[in-house]
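# Chains, contacts and geometry: an overview
The chain contents come next:
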Amino acid sequence: MPRPLSPASPPAPFRPDRRSLLAGLAAAAISPALPALAAPRILVARPATLALRAPKDTPVLAFDGAVPGPLLRLRRGETLPLRFENRTDQPLSLHWSGMRIDNRHDGVAGLTQPAVAPGGAIEFGLTPPDPGLFVYRPAVPGKTGDLVARGLAGLAVVEEADPPPVDADLVLGVSDWLLDDAGRIATPPLAVLNGGRLGNVLTVEGRPRAAEAVLPRRARVRLRLANLAPARVMTLRISGAKAYVAAVDGHPTDVFEPLHSAFPLGPGNRIELFLAMPAEAGAEVVLSARVGNGFEIVRLRTSEALSAIAELPLAPLPTNDRLPAEIKLQSALRTNFTIEGGPRPGLPEPLPWHVNGSPGTLARDRYLFNVGRGRPVVMTIANRTALPQTVHVHGHAFRVLHALDDGWDPYWLDTVTVPDGKTVRIAFVADNPGRWLIASAVHDRMDQGLYGWFEVK
Ligand SMILES: [Cu+2]
């Protein structure tokens, strides 16, 4: 995620009127409520097929046979009982990327729990502490890139208690598929995987074309977007409407920033936008990714009708008071995450990935650092490679510190991109006990050693 775009003055605060309150109540009424003693939500990973390229469907792996997996809607602080069944021939796990959940359910095979064997199942309760948009997928070091590239990824929305009223809440997962000539998922050689696989078919919600919707004139739209690609960074642009960034990586931003022509979204990154549809009927708003000649992600069109909430200003999301109000940097543990390896000019083969001088390992005595619960951590991520590196921290949300002082960017992240040859410092409070992965968000690089882990005691 880059530095913030030029800051804009935040829009006027949202003052709910009776109409919007009624709209909110109506929305609450149609949200599924969990019974007190709910049967578990069953999630099954199994083979399926997907129409990616005519004439033949592509064999994939999918949660509940759907790509992306079924959209899970949860409520902050409420426990969703889950049963995960593995009906594939691969060992799997279920990681909830971005959720600051109990370490026992973080789903990193070999670190937080054993992999679920083919034919096996696990049951657990998932209690998300923060609202936002999250990704679920396997995290099996050595295998994750292949599993995600075959289709195993889905989205979870954790609802706010009082979401701003909107005419439409669109949740979209964008994926990138590498197909061979026969239309099957390709298996690239290791030297290609070292950098991460880039696909040749992009999809939105599993279809190789833009999502479309017709909305009232002046409609208020919440657009939630996740990059589910195994390796591709997508640069977004919007035309036809003014869009505001409301949240990145699930957490509300301090300041609303206009989405100018472009915004990069790395693998695993999520972004939430608010936009106001034009006042004319038949007007179009297009969000696209700068890939090739441009790939349309969503195309929205206005109808003759007028939004009932057209007069409401675009409002920021409620702030998340579970995130620390401050991070005491002067008492922080200082630590490093130095990345080396990969392709180098003049070398025929890429070098193996190293973090702090060696490839990642889950061996119990080989942690990057351990830290007492509640202590601040400042980590210097040094990218001594020829590629941008997107680094993902489990179980915590962090701030990106400014280069010259201890100020920070006005949002929380769990995934940050460090340009090649550059260094970025991040700060977080180590408030979630357990063993947590720090890994390349380009899963193929993690599979080849670009990771480490830390322990909070
Ligand atoms: Cu994650």
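Here the structure is shown first, and the text comes after it.
Thresholds, definitions, all that
- Sequence order sets the numbering: in each chain, residues are counted from 1 along the sequence as written.
- Given that this is a predicted model, residues contribute local features only at a pLDDT of at least 70 and side-chain atom pairs are listed and counted only at 80 or more, while totals for whole chains, interfaces and linings are drawn from all residues.
- Just so you know, side-chain values use all the structure's heavy atoms and leave hydrogens and water out.
- Elements are defined by DSSP. Helices are runs of H or I of four residues or more, strands are runs of E of two residues or more, and each kind is numbered from the N terminus.
- The criterion used for residue contact is that any of the two residues' heavy atoms lie within 4.5 Å.
- We get accessible surface area from the Shrake-Rupley algorithm with a probe of 1.4 Å; when it comes to residues, only the shown protein chains can shield them.
- Stacked, tilted and edge-to-face are the three classes assigned to paired rings of Phe, Tyr and Trp, where Trp is represented by its six-membered ring and a pair needs centres within 6.5 Å; plane angles under 30 degrees give stacked, over 60 edge-to-face, the rest tilted.
- Categorising residues by exposure relies on relative accessible area from a 1.4 Å probe, with only protein chains included: less than 20% of the type maximum marks a residue as buried, more than 50% marks it as exposed, and the intermediate range marks it as partly exposed.
- Keep in mind that water is not among the atoms, so a site may look incomplete; donors are the N, O and S atoms within 2.8 Å of the metal, or 3.2 Å for Na, K and Ca.
- Within 3.5 Å is the distance limit for a polar contact, defined as a pair of N or O atoms, with the added protein rule that one can donate a hydrogen and the other accept it, and that residues adjacent in sequence qualify only through two side-chain atoms.
- A pair of strands is treated as paired once DSSP finds two or more bridges between them.
- A fitted line through C-alpha atoms serves as each axis, taken over the contacting stretch for helices, and the angle formed by two N-to-C directions is quoted from 0 to 180°.
- Counted as salt bridges are all cases of a side-chain nitrogen of Lys or Arg within 4 Å of a carboxyl oxygen of Asp or Glu.
- Grouping buried Ala, Val, Leu, Ile, Met, Phe, Trp, Tyr and Cys residues that are joined through side-chain atoms within 4.5 Å yields what is termed a nonpolar core.
- What counts as a domain boundary in this text is fixed by an automatic or database domain assignment.

### Notes on the overall build of the protein chain
Looking only at helices and strands, one finds four helices and 29 strands in the protein chain. Across the protein chain, every contact between residues at least 6 apart in sequence was considered, and the portion connecting residues at least 24 apart equals 76%. Carbon and sulfur atoms form 54% of the exposed surface of the protein chain, whose accessible area is close to 18800 Å².

### What about the packing of aromatic side chains?
Applying the stated criterion across every chain, the model contains six aromatic pairs. Aromatic pair Y367 and W453: ring centres 5.8 Å apart, planes at 75°, arrangement edge-to-face. With Y367 in the loop between β21 (351-355) and β22 (369-371) and W453 in strand β29 (residues 451-456), the pair connects residues that are 86 residues apart, well separated along the chain. The class for W453 is buried, based on a relative accessible area of 0%.

### A word on the coordination of the copper ion
Within the protein, H95 (NE2), S97 (OG) and H392 (NE2) serve as the donor atoms for the copper ion, at 1.9 to 2.2 Å. Sequence spacing of the donor residues for the copper ion, all on one chain, is H-x1-S-x294-H. Here H95, found in strand β5 (residues 95-97), pairs with H392, found in strand β24 (residues 389-393); they are 297 residues apart in sequence, far enough to count as distant. Using a relative accessible area of 4% as the deciding quantity, one classes H392 as buried.

### Digging into the side chain of Q389
One can find Q389 in strand β24. One polar contact links Q389 to T385, side chain to side chain, over a distance of 3.1 Å. Of note is the side chain of Q389, whose polar atom sits 3.0 Å from the side chain of R445.

### With respect to the sheet that holds strand β6 (residues 121-126)
The sheet built from four strands is open, its strands ordered β2-β1-β4-β6 with mixed pairing. The outermost strands of the open sheet, each flanked by one partner alone, are β2 (56-63) and β6. Averaged over all pairs of adjacent strands, the angle between strand axes in this sheet comes to 30°, irrespective of strand direction.

### Section: the environment of G240
In this fold, G240 is placed in the loop between β13 (234-239) and β14 (243-248). Between the alpha carbons of G240 and M277 there is a distance of 8.2 Å; along the sequence they are 37 residues apart. In contact with G240, other than residues within four places in its own chain, are P278, E284 and V285.

### Looking at the sheet that holds β22
Within the open sheet, the five strands sit side by side as β22-β29-β28-β24-β26. Their pairing is mixed. Of all the strands in the sheet, just β22 and β26 (415-418) have a single pairing partner and so form its edges. Shown here is a sheet whose adjacent strand axes are inclined to one another by a mean of 20°, direction ignored. By the bridge criterion, three bridges tie β24 to strand β28 (residues 434-440) in an arrangement that is antiparallel.

### Details of the pattern of salt bridges
As enumerated under the stated definition, the model contains 26 salt bridges in all. For R104, the salt bridge goes to D102, with nearest N and O atoms at 2.8 Å. A salt bridge links R299 to E296; the shortest N-O distance between them is 2.5 Å.

### Here's the deal with the pairing of strand β27 (residues 423-430)
Counting buried residues in β27 gives seven out of eight residues, a clear majority hidden from the surface. Two elements, strand β23 (residues 375-383) and β27, share eight bridges in a ladder whose sense is antiparallel. Residue pairing in the sheet places I381 in a bridge with V424 of β27. In this sheet, β27 lies alongside strand β25 (residues 399-400) in antiparallel orientation, the contact comprising two bridges. Within β27, the position partnered with V400 by the bridge is I426.

### Concerning the nonpolar core
Core analysis: the biggest nonpolar cluster contains 60 residues, and L300 and I426 have the highest contact counts within it. Viewed by domain, this core spans two of them, domain 2 (163-306) and domain 3 (329-456), each represented by three or more residues. Setting aside residues up to four positions removed in sequence, L300 forms contacts with L170, A213, L215, V221, L275, M277, A283, E284 and V285.

### Some thoughts on the environment of V377
Tracing the sequence through the fold places V377 in strand β23. Distance in space between the C-alpha atoms of V377 and T335 is 7.4 Å, their sequence separation being 42 residues. Each residue touching V377, except ones within four places of it in the same chain, is listed here: A332, L333, T335, F369, V371, I426, A427, F428 and A430.

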